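Descriptive structure summary
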Amino acid sequence: MRFSSVLKFGGLTALTASLSTLAYAEGVNGPVDGEIGFQRAVTPVMESIVDLNVWLVWLMGAICVFVLVLMVYIMFRFREKANPVPSKTSHNTTIEIIWTLVPVLILLVMAVPSIKLLYAQDVIPEADLTIKATGNTWNWEYSYPDYENVDSFVSNIVDIEIDEKRTADGEALSHQEIINIIDARPADEPRLDGRPYLLATDAPLVVPVNKTVVVQVTSNNNLHAFAVPQFGIKIDAIPGRINQTYFKVNAGEEGTYYGQCSELCGIKHAFMPIEVQVVSQVEFDRWIANGGSFDTDFSQNETGGSQTAGMK
Amino acid sequence: MSDHAVEHDYDLIDPSPWPFFSGMAVLIWGFGMVVFFAGLHPRSVENPNGMMEFLFSRGLDMWSVEGASNGGWIILLLGFIAMTYVMIGWWRDVIREADAGTHTPVVQIGLRYGMIMFIMQEIMFFVGWFWMFFEFGLFHKIRAKWNPDVTVAPESYADGYGLNAGGNAIHTINPWDLPLINTLVLLLSGTTVTWAHHALIKNDRKSASTGLLLTVLLGIFFTFLQGVEYMEEFSHRDTTGFWLDSNVYGSTFFLATGFHGLHVLIGTIFLFVIWLRVVRGGMKPDQHFGFEAAAWYWHFVDVVWLFLFTFVYVVFALH
Amino acid sequence: MAGATGYGAHGDAPSFFKRWFASCNHKDIGTLYLIFGILSGLIGGYLSFMMRLELGEPGFQYFANPHTFNMYVSMHGLLMIFFLVMPSLIGGFGNWFVPLMIGAPDMAFPRMNNFSFWLLPTALFFLLLSMFVPGNPSGDGFAGSWVMYPPLSTSGHSGPAFDFVIIGLLAAGFSSIFGAINFITTILNMRAPGMTMHKMPLFAWGVLVTAFLLLLALPVLAAALFMLMTDRSIGTGFFDAAKGGDPVMFQHLFWFFGHPEVYIMILPAFGIVSHIISTFSRKPIFGYLGMAYAMVSIGVVGFVVWAHHMFTVGMDVDLKAYFLGATLVIAVPTGIKIFSWLATMWGGSIRFSLPMQWALAFIFLFVVGGVTGVYLANAGLDTAVHDTYFVVAHFHYVLSMGAVFGLFAGFTYWFGKMSGYLYNKWLAGLHFWLFFIGVNLVFFPQHFLGMQGMPRRYVDYPEAYTLWNQVSTFGAMITMLGVLVFLIWVIEAFIVKRKAGDNYWGEGANTLEWTLPSPPRYHEFNTLPRIK
Ligand code: HEA
Ligand code: HEA
Ligand code: CUA
Ligand SMILES: [Cu+2]
């Protein structure tokens, strides 16, 4: 029963902690508990999204506060006690024109950077690398059409079967218990090894850093959506169509990034994550030369740290 | 304000069982639809303990016909019977009320508004089908070019989708054959119904009933010719690759013309009922809204056909 | 709902069966709609509560089968929209008060009015039944969300569950279409002598615009549903890529209906709130014409912005820019409404009775939901938050706090008029505060989840989303308490039977319904009122 923990407000400490640190620690990837903003941006597109977002959050906040303050003021100033005799005014052309024109102006000002961002996102530059991501029920299949020696491969979530997530008497396993089961597997089976559960896969997409990567997205059956929040990309996978988007990870941002399928696709919609391993060009070339083998050792990465690429 | 002295011309209707019954009739009919269609194309459902199984596949098996795994058509038929019964009862009441003089001028204006709104929603229904047709039938190629990010994967299209790059030319129907005749039939029926209308206003009841009857017959003739056309296409579907399940053009063609055909049928029945009423002495020169509603509906059906003929038959065939 | 002074007392109300099953009386039909709406609201609320409980912690708590969870999400959306908000706001209040406000003795087509109602229990029956028949090999029920995108709803749901949903929605859709025809005719043709369009109460305006939106949008949905049906059962290829069709086409058809649909749900609430603000400020509505035509322009512009729900389907960038701009435009007429409400209060003599509290909360929370809508309209940003909980937060602020607060505002405002009884102020006030605090706790943190990237329609999520989900679930518990208190105050009012006067709000309430007894007689306006 999880009522109790909800009522206990388990995360209150985390809340205070996170509100005081609005900025991310360097190098943190993926979602962070208690955060209230976007994940850390690592591509120019996501950086512009964050910029516009900041602008808009302030603007939207200002509009809300303006309405709220005005309303509270009116509620106070014109409450029955303070103003027993109501006026009968019902027109004032000037003020009506003002509250029509001011929003128009605000929106015009907003539209300019917004459309700029839109075109920056949508007009795809020359590709350094093209990859194809195909949505299946329920996993992603990646291929590297530029490189003949890399076979297309399927990227599955590292998880246990859905019906194993409950004990025989119907008690649900907690995430920690599931993670323990996964990490107790033999070494030649996919394990988490510290990567986040529900985000980690057994075969990540591998791309070079600071290069324009164009992703062609399509689907074999249901709709899916290929999304990586930190890159600022999200594009639907649609049978019969090939959609495109691109990203270019900033120099020095090698690491592992996560995304999740973002279009309802059936029972395992929540269980087909996207894991992207961003490596240096040198590493990438070595990986390609190795035929895309996940036995490639990425431990020589500049950023160091745990760079387990998972198992094939 | 006194309770009982009614001093307005609106039509307050006494309690009526028909709305409730029609809700129930739709219930039966909807049930039948689902069971019937689920049965026509048996789909693999690996959940044997579902309620459907329990309700239908066992209990009604004894009526099942070839190709359908259950007796959905029985329920469907029951639904249709129930709906027909409700409609007859309902309209009989309306006609009685009209004859009793409750359709005062203001009520008639209301009926006019109502009919116009009803036709408006019918138009929007066809907007849906035409949107579908324009998207795929006419603009698909342009649309693909328009958006360079959307590349159509040719291998994923079935052969025979004519406008799609890489596909074979699609089979089309020669518009100057049956379709043209059909167009003329419908246009002619538009004139006969107008003739009947003018006759009715002049209280020439003989011509009015002849005009109406002619319209009904022309409507039936249209449906007949359309049926012939469908049969023709159905029998050749293996060689032409043109049927409602062969590609999206076939689907739009048959569903759009099919729904139009359904509306022709409804309009014909509507006109037929009006004809009966005229024959029995209903419909006055100065008060015959039922007639007008039927005529408006008929013209609407006519106009939809002109659009279908122009785009679905002629323009598409020119491609 | 007849009290001792109610229509029953006048001896012209028919017997029980005739009255409730064969009714041709707009007030009785309105009552039926409201009862129906409360029932669906309870079922939809139950589904959402189960969803929130499941999402209170990472892992599978209550749903062993994710398919069932998705089915709950889908049914929650469909029930709340088609069976709570639309029937209550339009069918319930529209039926009750549009004729009374415009001085008409009944609706234009009283029998068709009842037909509109009786299609709904049938429709609801099909939807509920669908939950217990096979959806696809993964489980029972339709789990393809309220937007029903193919191919998940065609090849992805092989079982008959979705066929039942289609039939149910078609029935509900035709119910609304006939209702719309009825309202338009009533409003255009049956206004009391002297009541010009420009003197008509704003609620009637709201319903009129809504009815036009229904009339023009629903048939397109009907066409799309028929296409799904034939794609599923007789092999047509509208949305099947292998046959040259395109799943995205369904999304266009759906949202061409779906976007007007969201205004269908809010415009009647706008109307209700206008009356309440004016009543409790004891001032006429400020900028009446601007208010009326703002609703008209929201309705018109609402038809040309639909693809802002589809910014990630791979549309042409110029088209995206168009839909971005067109969507922003709607903020202008909506702003006119917000500011006119504030100006109505300005200079007034404001009483904070319960309906006014709901209305004030409506205004502020709708603005919060509205500005996040404007945020979403920026296609570039929408890429980041589309299909995340940010969108869920947006639309619950305008629905669960906009439309539903408008619903409760109207319900408390007119409860005495409809039933003849006054509610217990303390209990009903408790309902307000529990609800107000509850829903804000549920949905405000969802903005954060969305920004952090938590996708919608997820049965389980990475631990990094735990905190805000806990807060949200905690809020849902408070909300459910609120729903309970709501039921209690309604029942209490009927048990205790405190009599309501003709115009229990006093001076500010000056539309026609306040000149009538509470509850009004079985037939009102046998002599038409004359408006100066
Ligand atoms: C009652 C229902 C309702 C209402 C009224 C609205 C109102 C608006 N909505 Fe919302 N919306 C939904 C219900 C509603 N929406 C639903 C259900 C969905 C999700 C569907 C799904 O996917 O399941 C959705 C999704 C949705 C999306 C798609 C998001 C996505 O899926 O990625 C977008 C994008 O543009 C959007 C925009 C807007 C805008 C711009 C408004 C505007 O009308 C808001 C206008 C109001 C204001 C702006 C506030 C008041 C104005 C002022 C105080 C003036 C000053 C303001 C400015 C100058 C900005 N909505
Ligand atoms: C009007 C619409 C409406 C309303 C009121 C609500 C109310 C609530 N919704 Fe709703 N929700 C949707 C429409 C609505 N929702 C839609 C369209 C979706 C998307 C579905 C999809 O993805 O397909 C969704 C999805 C959705 C999700 C996302 C699920 C997911 O993506 O995985 C969640 C999660 O928390 C949620 C929770 C809630 C909660 C806790 C409430 C609470 O506020 C509930 C509280 C209870 C009530 C508000 C009912 C009380 C009313 C009455 C008892 C009747 C009163 C009647 C009269 C006075 C006449 N909803
Ligand atoms: Cu794949 Cu959701
Ligand atoms: Cu919208």
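Preceding this section is the structure that the text describes.
What comes next is a walk through the structure. Position numbers for residues count from 1 along each chain, tracking the sequence in the order it is written. A letter from A marks each chain and a number from 1 marks each ligand, given out in the order of writing. Per-residue local features of the predicted model are confined to residues with pLDDT of at least 70, and side-chain atom pairs are confined, for both listing and counting, to 80 or more; whole-chain, interface and lining totals are unaffected and use all residues. Only hydrogens and water are set aside; all other atoms, that is, all heavy atoms of the structure, feed into the side-chain values.

Looking only at helices and strands, chain A features six helices and ten strands. Categorising residues by exposure relies on relative accessible area from a 1.4 Å probe, with only protein chains included: less than 20% of the type maximum marks a residue as buried, more than 50% marks it as exposed, and the intermediate range marks it as partly exposed. A burial count over chain A gives 51% of its 312 residues as buried. Between two residues, a contact is recorded if the distance between any of their heavy atoms is within 4.5 Å. Look at the contacts in chain A between residues 6 or more apart in sequence, and 63% of them connect residues 24 or more apart. Note on areas: these come from Shrake-Rupley sampling with a 1.4 Å probe, and a residue is covered only by the protein chains present in the view. When the accessible area of chain A is evaluated, it comes to approximately 13900 Å², of which 59% is carbon and sulfur surface. A run of H or I in DSSP becomes a helix once it reaches four residues, and a run of E becomes a strand once it reaches two; helices and strands are each numbered from the N terminus.

Our focus in this paragraph is a nonpolar patch on the surface. Residue and element names in this part refer to chain B. Two distance rules govern patches: like charges are joined within 9 Å, and nonpolar side chains (Val, Leu, Ile, Met, Phe, Trp, Tyr) within 5 Å, applied only to residues with over 30% relative accessible area and no salt bridge. Salt bridge criterion: a side-chain nitrogen from Lys or Arg within 4 Å of a carboxyl oxygen from Asp or Glu. A contiguous nonpolar surface patch, about 440 Å² in accessible area, is contributed by Ile-28, Trp-73, Leu-77, Leu-78 and Ile-81. Looking at the nonpolar patch element by element, the count peaks at four residues for helix 3 (residues 72–99). Its place among the elements puts Ile-28 in helix 1 (residues 18–40).

All names here are of chain C. Donor criterion used throughout: N, O or S atom within 2.8 Å of the metal, extended to 3.2 Å for Na, K and Ca. Water excluded; incomplete-looking sites may result. The sole protein-derived ligand of the iron atom of ligand 1 is His-394 (NE2), positioned 2.2 Å away. The metal-metal distance between the iron atom of ligand 1 and the copper ion (ligand 4) is 4.5 Å. With respect to the helices and strands, the residue His-394 is situated in helix 13 (residues 389–419).

Residues and elements named next belong to chain A. With respect to topology, three strands assemble into an open sheet ordered 4-10-9, the strand pairing being mixed. Each edge of the open sheet is held by one strand with a lone partner, namely strand 4 (205–208) and strand 9 (255–260). With direction set aside, neighbouring strand axes in the sheet form an average angle of 25 degrees. Two strands pair when backbone bridges link them, and strand 9 and strand 10 (residues 273–279) are joined in this way by six bridges, in the antiparallel orientation. The partner of Gly-255 across the bridge, within strand 10, is Val-278. Where helices are involved, their axes are fitted lines through C-alpha atoms of the stretch in contact, as for all axes, and angles between N-to-C directions lie from 0 to 180°. Helix 6 (residues 281–289) contacts strand 4 and strand 10 of the sheet and is inclined by roughly 135 degrees relative to strand 4. Two strands qualify as a pair provided that DSSP identifies no fewer than 2 bridges between them.

On the chain C side, the residues contacting the 98 residues of chain A number 103 residues. The tally of links between chain A and chain C comes to four salt bridges. Across the salt bridge formed by Arg-351 of chain C and Glu-80 of chain A, the nearest N and O atoms sit 3.7 Å from each other. For the purposes of these results, a polar contact is taken to be a pair of N or O atoms within 3.5 Å, where, inside protein, one atom must be able to donate a hydrogen and its partner to accept one; residues adjacent in sequence count only when each atom of the pair is a side-chain atom. For the pair chain A and chain C, the interface holds 38 residue pairs in polar contact (both at pLDDT 80 or more). Classification convention: Asp, Glu, Lys, Arg as charged; Ala, Val, Leu, Ile, Met, Phe, Trp, Tyr, Cys, Pro as nonpolar; all other residues, Gly among them, as polar. Here the side of chain A that touches chain C is composed, by residue class, of 58 nonpolar, 26 polar and 14 charged.

What follows is about the pattern of salt bridges. Across all of its chains, the model carries 19 salt bridges over all chains by this definition. Note that Glu-80 of chain A is salt-bridged to Arg-282 of chain C, the shortest N-O span being 3.7 Å. One end of the pair, Glu-80 of chain A, is in the loop between helix 3 (44–77) and helix 4 (93–122); the other, Arg-282 of chain C, is in the loop between helix 7 (247–281) and helix 8 (288–301), on a second chain. Here Arg-112 of chain B makes a salt bridge to Glu-292 of chain B, at a shortest N to O gap of 3.0 Å. Residue Arg-112 of chain B is found in helix 4 (residues 105–138), and its partner Glu-292 of chain B is found in helix 10 (residues 289–318); the two are separated by 180 residues along the sequence. Where salt bridges share partners, they join Glu-80 of chain A together with Arg-282, Arg-351 and Glu-507 of chain C into one cluster.

On to the interface of chain C and chain B, then. Counting from both sides, the interface comprises 84 residues of chain C and, opposite them, 78 residues of chain B. Accessible area, probed at 1.4 Å, shrinks when two parts are joined; the buried area is that loss added up over both. Regarding the contact of chain C and chain B, the summed buried area is about 7200 Å², with carbon and sulfur atoms giving 72% of it. Three residues, Arg-111, Phe-238 and Asn-526 of chain C, lead the burial of chain C against chain B; their summed loss comes to 11% of the area buried on that side. There are one salt bridge connecting chain C and chain B. The salt bridge involving Arg-111 of chain C is made with Glu-97 of chain B; its shortest N-O contact spans 3.0 Å. Counting across the chain C and chain B interface gives five residue pairs in polar contact (both at pLDDT 80 or more). Every element with two or more residues in the side of chain C that touches chain B is listed here: helix 1 (16–21), helix 4 (110–130), strand 2 (139–140), helix 5 (161–189), helix 6 (202–233) and helix 7 of chain C. No other element matches the 13 residues that helix 6 of chain C contributes to the side of chain C that touches chain B.

Going from Thr-137 of chain A to Trp-138 of chain A, the amide bond is cis rather than trans, its omega being -5 degrees. A positive phi angle, near 70 degrees, is found at Ser-145 of chain C, a position not held by glycine. Residue placement: Ser-145 of chain C occurs in the loop between strand 2 and helix 5. Even without glycine at this site, Asp-387 of chain C takes up a positive phi of about 60 degrees. Among the structural elements, Asp-387 of chain C can be located in the loop between helix 12 (379–385) and helix 13.

A few words now on the site of ligand 2. Residues and elements named next belong to chain C. Within the structure, ligand 2 sits among 40 residues, and His-76, Trp-146, His-396, Ser-400 and Arg-457 are positioned closest to it. One of the side-chain nitrogen or oxygen atoms of Ser-145 is found 3.4 Å away from an oxygen atom of ligand 2. Within the side chain of Tyr-389, one N or O atom sits 3.2 Å away from an oxygen atom of ligand 2. Elements that contribute at least two residues to the shell around ligand 2 include exactly helix 2 (26–55), helix 3 (66–102), helix 13, helix 14 (425–451) and helix 15 (466–496). Near is defined per residue: the residue qualifies when any heavy atom it owns lies within 4 Å of the molecule or strand.

With that settled, the discussion passes to the coordination of the iron atom of ligand 2. All names here are of chain C. Taken together, His-76 (NE2) and His-396 (NE2) make up the full set of protein donors to the iron atom of ligand 2, lying 2.0 Å away. Geometry is assigned from donor-metal-donor angles: four donors are tetrahedral when every angle falls between 85 and 135 degrees, four are square planar and six octahedral when opposite donors sit over 155 degrees apart with all other angles between 65 and 115, and any other arrangement is irregular. One can describe the site at the iron atom of ligand 2 as octahedral: its six donor atoms subtend angles covering 87 to 179 degrees at the metal. Taken as a pair, His-76 in helix 3 and His-396 in helix 13 lie far apart in primary sequence, 320 residues in all. Since its relative accessible area comes to 11%, His-76 is described here as buried. Classification of His-396 by relative accessible area gives buried; the value is 13%.

Residues and elements named next belong to chain A. Across the five residues of strand 7 (residues 233–237), five count as buried, placing the element largely inside the fold. Judged from the five bridges that link them, strand 6 (residues 224–228) and strand 7 form a sheet pairing that is antiparallel. Residue pairing across strands places Val-228 opposite Ile-233, the latter belonging to strand 7.

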